[in-house]
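So you can see what is in the structure, the chains are spelled out below.
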Amino acid sequence: ATADDIARAPLLWDYAKARGYRTAYLASQHLGYGNLGLFVRSTSVDLMREARDRGPQWNAATGSPDEITTREALDFLRRPGPAFVVVHFSNTHDPYRELPAYKKFPTKVSFDPLDRRNAYRNSLLGHDAIVGDFMRELRADPRTRSAIVVYTSDHGEAWAEHGAIGHTSDMFAEQIDVPLWIDAPEGSLDAARLERIRHGASI
């Protein structure tokens with residue numbers, strides 16, 4: 001496809017809105033980084049917020065705190081009517097935001113990029129805690145407990161397994177294998193659809 005065709009193509013928010021859903025794109029990402037905001041500028045999303053909307057102080061790579069983004073998502077989901085929301089996390093990007101309560105791995109100041117691996121591990125621990133808190137609040141509230149959650153990532157991170165550090169440099173597993181899970185509470189999907197998802201996950 002040409003760049004013009006891609007720019008005009010409907011996005012998931014557009015399809016959801018056409019079906020009567022309230023829509024939101026809530027990103028911790030700083031969308032000025034690499035002009036990332038261009039890919040959503042033509043969508044009809046109802047609410048779009050990113051790091052720059054929360055103040056000028058946030059790092060362009062790490063973005064604003066992910067827990068602020070999940071709070072905004074919960075607030076949006078608790079309003080009346082069905083909703084389609086994309087929650088875009090960012091804090092596990094270099095320089096890796098570390099939460100004091102989840103600094104399990106020791107870190108040190110160093111020019112060796114491999115020494116950043118523990119900071120990455122710590123940022124993942126913090127991220128898991130934030131996602132866990134989000135899921136607990138989602139399921140505890142009768143207004144949101146039936147929401148279907150799909151979780152994935154855009155890339156992994158290499159730590160010299162094949163000579164690379166970071167991502168976007170090759171197609172080895174450490175960079176392209178990403179998590180994918182679906183949490184669909186009982187009653188949110190019919191039995192046939194659930195069976196198709198389970199079958200797809202097993203092959």
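This is a predicted model, so every value here is computed, not measured.

Colleague: I keep staring at the pairing of strand β4 (residues 149-152) and nothing clicks. Help me out?
Modeller: As a general feature of sheets, a regular strand has side chains that alternate between the two faces. Alternating positions in β4 separate cleanly, Val-149 and Tyr-151 being buried on one face and Val-150 and Thr-152 remaining unburied on the opposite face. Taken together, the four bridges between β4 and strand β7 (residues 180-183) define a ladder with antiparallel strand orientation. Residue pairing in the sheet places Val-150 in a bridge with Ile-182 of β7.

Colleague: Help me understand the sheet that holds strand β1 (residues 22-27), please; the structure alone is not making it clear to me.
Modeller: Whether parallel or antiparallel, the strands of a sheet pair through hydrogen bonds between backbone atoms. If you trace the three strands from one edge of the open sheet to the other, you get β2-β1-β3, paired in parallel fashion. The open sheet terminates on both sides in strands that have one partner only, identified here as β2 (47-49) and β3 (83-88). Across the sheet, the mean angle from the axis of one strand to that of its neighbour is 5 degrees, orientation sign disregarded. Taken together, the three bridges between β1 and β2 define a ladder with parallel strand orientation. Looking at the pairing, Tyr-25 lines up with Met-48 of β2.

Colleague: What should I look at first to understand the pattern of salt bridges in this one?
Modeller: Proximity of charged atoms lets side chains of opposite charge pair with each other. According to the stated counting rule, one finds 15 salt bridges in the structure shown. Residue Asp-5 is joined to Arg-8 by a salt bridge in which the shortest nitrogen-to-oxygen separation is 3.0 Å. Of the two residues, Asp-5 and Arg-8 are both situated in helix α1 (residues 3-8); the distance of three residues between them amounts to about one turn of the helix. In this structure, Arg-97 and Glu-67 form a salt bridge, with 2.8 Å as the shortest nitrogen-oxygen distance. Remark: Glu-67 occurs in helix α3 (residues 66-77) and Arg-97 occurs in the loop between β3 and α4 (117-140); sequence separation between them is 30 residues. In this structure, a network of salt bridges that share partners links the residues Arg-71, Arg-78, Glu-137, Asp-141 and Arg-143.

Colleague: Can you walk me through unusual backbone geometry in this structure?
Modeller: The phi angle of most residues is negative, glycine excepted, and most peptide bonds adopt the trans form. With an omega of 20 degrees, the peptide bond between Asp-94 and Pro-95 qualifies as cis. If you trace the backbone, Pro-95 turns up in the loop between β3 and α4. A positive phi angle, close to 65 degrees, is found at Tyr-96, a residue other than glycine. For Tyr-96, the position within the fold is in the loop between β3 and α4. A positive phi angle is found at Thr-168, which is not glycine, with a value near 70 degrees. In this fold, Thr-168 is placed in the loop between β6 (165-166) and α5 (173-176).

Rules used in this analysis
- Residues numbered from 1 in each chain as written.
- Predicted model: local features only at pLDDT ≥ 70, side-chain atom pairs only at ≥ 80, totals over all residues.
- Heavy atoms only, no water.
- Buried < 20%, exposed > 50% of the residue type's maximum accessible area, 1.4 Å probe, protein only.
- Helix = DSSP H or I, 4+ residues; strand = E, 2+ residues; numbered from the N terminus.
- Pairing = 2+ DSSP bridges.
- Axes fitted to C-alpha atoms, helices over the stretch in contact; angles between N-to-C directions.
- Salt bridge = Lys/Arg side-chain N within 4 Å of Asp/Glu carboxyl O.

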